[in-house]
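Architecture and fold: a report
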Amino acid sequence: MQMNLGIQAGGWDRERVMQKWPPVGMSNEEYAQRWRESQPQFIQGSCVFCERWGHGTGKCWYLVPELQPERWKPEAGIWVFGPGMSYPG
């Protein structure tokens, strides 16, 4: 799986962001589970899925909806498992 989102000067690099969406034929549940169990879960302290510092894929709010704070809002362009799923614009 790809590990970099990629942001260009003019906004999101749509092609690289789409690499983090579930492949055709794979359920959202299976996709999120594979990411949560992936190794490595983080590189240099940053999650390999969302690239935020301080957690791995097993504790990523984008992949584990039970950990999402009540008023948390996902960043546009990053796939989210569960309620409030985001799609690239």
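Just so you know, these numbers come straight off a predicted model, no measurement behind them. (Residues numbered from 1 in each chain as written. Predicted model: local features only at pLDDT ≥ 70, side-chain atom pairs only at ≥ 80, totals over all residues. Heavy atoms only, no water.)

With respect to the packing of aromatic side chains
This model, assessed by the stated rule, comprises seven aromatic pairs. Ring geometry for Trp35 versus Phe49: centroids 4.9 Å apart, planes at 75°, classification edge-to-face. Here Phe49 lies in the segment after β4 (46–47) and Trp35 lies in helix α2 (residues 28–37), a separation of 14 residues in the sequence. Phe49 sits in the buried class, given a relative accessible area of 0%. Ring centres of Trp79 and Phe81 lie 6.1 Å apart, and the angle between their planes is 25°; this geometry places the pair in the stacked category. As far as burial versus exposure is concerned, Trp79 and Phe81 are alike and both buried. (Phe/Tyr/Trp six-rings, centres within 6.5 Å; stacked < 30°, edge-to-face > 60°. Helix = DSSP H or I, 4+ residues; strand = E, 2+ residues; numbered from the N terminus. Buried < 20%, exposed > 50% of the residue type's maximum accessible area, 1.4 Å probe, protein only.)

Topic: the pattern of salt bridges
Following the criterion strictly, the structure yields two salt bridges and no others. Note that Arg34 and Glu30 form a salt bridge whose closest N and O atoms lie 2.7 Å from each other. Here Arg34 pairs with Glu30, and both are found in helix α2, just four residues apart, close to one helical turn. Measuring nitrogen to oxygen at the nearest pair gives 2.1 Å for the salt bridge that ties Glu75 to Arg52. Note that Glu75 is positioned in the segment after β4 and Arg52 in the segment after β4, a separation of 23 residues in sequence. (Salt bridge = Lys/Arg side-chain N within 4 Å of Asp/Glu carboxyl O.)

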